[in-house]
Amino acid sequence: MSHELLKIENLQVGVEDKVILDGLNLKICEGETHVLMGPNGAGKSTLGYAIMGHPQYTVNEGSIVFDGEDITQEPTDVRARKGIFLSFQSPEEVPGIALGNFLRVSQAAVTGKEPRILAFQKEMRKTMETLGIDPGYAARYLNVGFSGGEKKKSEILQMLMLNPKLAILDETDSGLDVDAVKIVSRGIRQYRSDKNALLIITHNAKILEGLSVDYVHVLVNGKIIRTGDSSLIQEIGERGFQFLETGGAQN
Amino acid sequence: MNMTLKQVNALPVRTWNWLGVNGTPLEGDVPESFPRAEGKITLPDSVSSAAHPFEGAGIIRTGMGPEAERFVLKKKNAGYDLEAGPGVKAEGPVFIEYRLGPSCPALADCNTILARENSELTVVMQYASDGEGPVFHGGVTKILAEKNAVVHLIQVQLLNDSAVHFDDVGILTREGAFVEVIHAELGGSKAFAGCKARLEGRRSRLGTETIYLGENSRELDMNYVAEHIGRETESEMHANGALMDESQKIYRGTIDFQLGASRSVGHESEYTLLFSPNVRNRTAPLILCNEEDVEGQHAASIGKIDPHKLFYLMTRGLSEAEAKRIVIEAQFTPALEKIPSEELRQTVLEWLKERMDRNETIG
Amino acid sequence: MRSFEQKKTQVDDIDRSMYDFKDKVNASFEVKSGLTPEIVNQISVEKNDPEWMRLFRLKSLKIYNEMPLPSWGPPLDGLDIGHIVTYVRPNTEMRSKWSDVPDDIKNTFERLGIPQAERLSLAGVGAQYDSEVVYHNVRAEVAAQGVVYTDIESAMHGKYAEMVRKHFMKLVPPTDHKFAALHGAVWSGGSFVYVPPGVSVTIPLQSYFRLNAPGAGQFEHTLIIVDKGAYLHFIEGCSAPKYNVANLHAGCVELFVGENARMRYSTIENWSKNMYNLNTKRARVEKGGAIEWVSGSFGSNTSCLYPMSVLQGEGARAEFTGITFAGKGQNLDNGAKVLHLAPHTSSRVSTKSISKGGGCCTYRSSVVIAPQADHCKSSVSCESLMLDSESRSDTIPVMDIRNDEADVGHEAKIGRISDTAIFYLMSRGLSEDDARSIIVSGFAEPISRELPMEYAVEMNNLIKLEMSGSIG
């Protein structure tokens, strides 16, 4: 039984007055790749935000335990330093800070030590090359004026440079053309190892091609109503989500 | 008799005096006494005309300021106090029309509009003149929009070139209310307008749409202030105009976020087209802020019509004059569309067309 | 014997006439400000002024006494207007000792890593830090290019005397406002720079070199003339707080930019938090010339800074990039003024302001396009960041356009740091404070990138300090 990284129990999460996740349970171990699917508005992104500790989302009930520690009340940066990474669906544009500088500051914050400049730059250039990102982007302001696809690649670049224990990818494939999807897929595969885990949130299966998926969860109305293996993806692709909703919960 | 108002349209925060926008004196020749004036009013059944202003009208502050208000009150010779009862959605607009001229050379109208909870009403006030002789109009309108009420006030001024005119509005909104003010300042030798709204109730909103036309040596002077007091209040203040001949204009638009108005949003914009080398345009778009959690924005753009736009229209067969007219009309359209009377809209469009046709600087 | 007596009488006569002059005209002046023509005369004599300057000072004093204080802007209550003379002639007791320097100033020196030697000078305690050596070296280097870089007082005698006289306070006349008049009467110290035609000065000149010159800072006058086709970058101020017991700074900067010449004037200002900074800066740009202002304003209790660009010649250009950061107890009323007097001139003003901890930032500007200025272009953009609700941020821009061939655009924005931006940065491991600090630095970046690196680094350090609230 491999090491348990993430354990979510009976989680209820709301934003303002609305309850979005209602009694959600999830367990992710080292070396696993999980996929979370579901219709729009089901609460998939909310799960990502809740795990990361977004201030506008309140946990009303339940707990989130990461690597043996209860992080339910911890601030976002503490969670990041423990080794959780969230790739955003719509990454923020932050003017005035160059991408390259930001990567270095972030790496220092997460690893706890200042990376050596030359080694860092070499690593960054190499990673950018794998992802097909023009090296000139290192000097551009963080996400400012980036196209949808460029923003997503920027997120994967950050993931590779920060090397988290658990990477949550929220709709990483949306807005990408066929070539970009291939590149991002490659980046994800490069990241994957026995020591880390992946939670891919998507409602479109293209990004999953070439990835070996261990568990597929279906989120409907704030609860995971079905968990299966990778064959569930094809089933959903053929029959949609409706059949599962009427079929009842099965875990 | 000489009317001298020392300062109207005061800028909420003073700046360098030499710019001349801190406030403006308003002078005019007015008759000693103002004979009772009769406007033509069309009143829908559901809207009542009260005998006196609503309680608290006196405390509501206006855009032009207390001096202008006092003058109109002193000389008052017309006006209506309108009320829409709770839940009343007026079946049609209230139309009030005044014609100034030799038989009615001076008008000082004091109006109040009370929109009770959940009511909705539209009031259109139209000021026109007969002949070319000097006439005077000064008007003050106070609006109280109670919870979730909606009020649209449209004031259209089409006075002759020797008229002295001002429209002064003061507004107070309660929770969830929405008040919209449309000002069309298209005539007169002096056309002044002011509007101040105190957005007290949570989630209440203000919209102002002002259009103005400067011709000959017209003096246009405007002051719009949105005071955000309550939480989640919104304001949208827009002005569009064209200046020709030797006209001049001052437009002041202030978004004032006061402490406590969190989650409030204010937008302001002004677009001015200039058509003659002898015009003078002054713009003062202010944002005052004492509250962190707000969003405020303003944009102003002053200059000639975009030559690319003109060229494009001309390649479609229009003459330069026709193309310019189309562009100006397009500027005025958002405000004109809010006039709930096809007839009045047409009157305004014809007024504009006539003036642009005979104006050398355009055509 | 007799001739001896006669001589004595003559001397008496002269004395008496001076006395008379004082009686007739000055009695009321003395009551008002304590600043008398006698004192001004004394200053003039001490400085070895040419006669025209002495008369100029006296005329300015008269204007000062007749002018009212401005009716707009931040309150000037902390200024002892009734005893202006104390700012001009502080008595020796007023000169500070290191032990009197406020702790927060000392702490800031510590945090900004200011060398020990400089601290005394910056604190107005004494002239122990000798920047003279650096100054002399720079002078020699640029002199090789034909550049004159000297103090104004000595420039008033000798080769450049006539040039100084022709330009002195012509751009900012004493009648401009009350503190310009005060400046005209009691100005002291400052730099005079002349760049000959076609010369591009390779190193930026810095007023910092002359920090400890007598009377430095307070009523300093900077006069810079950049002749046809030349280029100069002048840097004023420094990020280290400058402290002075006499808390008024009424300096004046006049920049004359010749045809096709270019001048860049950068300022980082961090006067101590008791100061009233009422500096007047103005540039006049001739045909084809350009003035670029870069400004970082962090200090003072109250400031009124509106660098003004007068675009005199056809095709002249002005650019202003600035940031103002008002923290607790500060009321910083800053902005820019542009006057388009000739055709085809252009201006771009881009400012940012940050208000924190009860600070009050006001952006105040004017853009005027004169009737004869055809085909001008102007764009103004100001962005304000509110960091909490104790603070204030006001934007008061005014445009006065008297020509229809103008193209003028203006936009302003105000808001707070977005929660999502903070969340995003925190999700990358930064603490909340660091996330805010980075966002604010990013906000200030368009200004810091225009500064030479050491100043940009200093400015970023200042921002970090201000954000952590550890500057008093």
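Located above this text is the structure these notes cover.
The notes below deal with the structure included here.

Conventions used here
- Residues numbered from 1 in each chain as written.
- Chains lettered and ligands numbered in written order.
- Predicted model: local features only at pLDDT ≥ 70, side-chain atom pairs only at ≥ 80, totals over all residues.
- Helix = DSSP H or I, 4+ residues; strand = E, 2+ residues; numbered from the N terminus.
- Pairing = 2+ DSSP bridges.
- Expected span 1.5 Å × (residues − 1).
- Bend = angle between axes of the 7 residues up to and from the residue.
- Buried ≥ 20, exposed ≤ 12 C-beta atoms within 10 Å, placed from the backbone.
- Contact = placed C-beta atoms within 7 Å.
- Nonpolar A, V, L, I, M, F, W, Y, C, P; charged D, E, K, R; others polar.
- Axes fitted to C-alpha atoms, helices over the stretch in contact; angles between N-to-C directions.

On the secondary structure map, Q242(A) appears in helix α8 (residues 242-247). Considering only alpha carbons, one finds Q242(A) and V220(A), 22 residues apart in sequence, at a separation of 9.7 Å.

All names here are of chain A. Overall, antiparallel pairing links the four strands, which are arranged β2-β1-β4-β5 in an open sheet. Edge positions in the sheet fall to β2 (18-29) and β5 (69-70), since each of these pairs with one other strand and no more. Pairing geometry for strand β4 (residues 57-66) and β5, over two bridges, is antiparallel. Note that in β5 the partner of V65 across the bridge is D70.

It helps to recall that an α-helix has 3.6 residues per turn; residues three or four apart then point in one direction. Residues and elements named next belong to chain C. Its 17 residues give helix α12 (residues 432-448) an end-to-end C-alpha distance of 23 Å, which sits within 8% of 24 Å, the value for a rise of 1.5 Å per residue. Of all the bends in α12, the greatest reaches close to 35° and is centred on G442; the proline P446 follows between one and four positions later. For α12, a buried count of 12 out of 17 residues is recorded, marking the element as mostly surrounded by other parts of the structure. A435, R436, S437, I438, I439, V440, G442, F443, A444, E445, I447 and S448 are the residues of α12 that are buried.

Of the residues lining the interface, 21 residues belong to chain A; the matching set on chain C comes to 18 residues. Those elements that place two or more of their residues in the side of chain A that touches chain C are α2 (76-82), β7 (94-98) and α3 (99-111) of chain A. The residue inventory of the side of chain A that touches chain C, partitioned by class, reads 12 nonpolar, six polar and three charged.

As a further point, take the interface of chain C and chain B. Quoted interface sizes are often the accessible area lost when the parts come together. Taken together, the contact between chain C and chain B spans 34 residues of the former and 38 residues of the latter. Elements with a contribution of two residues or more to the side of chain C that touches chain B: β17 (360-369), β19 (392-401) and β20 (407-416) of chain C. Grouping the amino acids of the side of chain C that touches chain B by side-chain chemistry returns 13 nonpolar, nine polar and 12 charged. In this sheet, β20(C) lies alongside strand β20 (residues 294-303) of chain B in antiparallel orientation, the contact comprising eight bridges.

All right, on to the sheet that holds strand β6 (residues 84-87) of chain A then. All names here are of chain A. Strand order in the open sheet formed by six strands is β6-β9-β10-β3-β11-β12, with mixed pairing between adjacent strands. Each of the sheet's edge strands pairs with one partner strand only, and the pair in question is β6 and β12 (223-228). Here the strands of the sheet are splayed against their neighbours by 20° on average, with no regard to which way each runs. The strands touched by helix α5 (residues 148-162) within the sheet are β6 and β9 (166-170), with β6 carrying the most contacts at an inclination of about 170°.

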